[in-house]
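Report on the structure
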Amino acid sequence: MSDHFSTLAEEIIDFQKKHELADTQLAFNLHMSVERLHDIKSMEVKPTAEETANITSYVR
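Attention in this report is confined to the structure presented alongside it. It should be emphasised that the depicted structure is a prediction, and the values quoted were computed from it without experimental measurement.

Focus on the side chain of D23
Relative to the helices and strands, D23 is located in helix α2 (residues 23-30). A polar side-chain atom of D23 sits 2.7 Å from a polar atom in the side chain of K41. Setting aside residues up to four positions removed in sequence, D23 forms contacts with Q16, V34, L37, H38 and K41.

Structure (structure tokens):
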């Protein structure tokens, strides 16, 4: 996995901690399934460019 992907997973986790958001709430806000969010956070899959842009714009 690339460093950027690892950074994205860390940003998601940090954002959730800061805003006390459960995975279900964040997935709903990002318009993606909870399963997909879990896969991205655990680095099981690489997010698409669109997912990366969507997540990045939401958590920053």
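Quick word on unusual backbone geometry
Positive phi values are uncommon outside glycine, yet E20 reaches one of about 50 degrees. In this structure, E20 sits in the loop between α1 (3-19) and α2. Residue E20 is classed as exposed on the basis of its relative accessible area of 72%. Positive phi, normally seen in glycine, also occurs at H31, with a value near 60 degrees. Taking the relative accessible area as the measure of exposure, H31 reaches 73% and is therefore exposed.

Conventions we followed
- Residues numbered from 1 in each chain as written.
- Predicted model: local features only at pLDDT ≥ 70, side-chain atom pairs only at ≥ 80, totals over all residues.
- Heavy atoms only, no water.
- Helix = DSSP H or I, 4+ residues; strand = E, 2+ residues; numbered from the N terminus.
- Polar contact = N/O pair within 3.5 Å; in protein donor to acceptor, adjacent residues only side chain to side chain.
- Contact = heavy atoms within 4.5 Å.
- Buried < 20%, exposed > 50% of the residue type's maximum accessible area, 1.4 Å probe, protein only.

The analysis is restricted to geometry; functional conclusions fall outside its scope.
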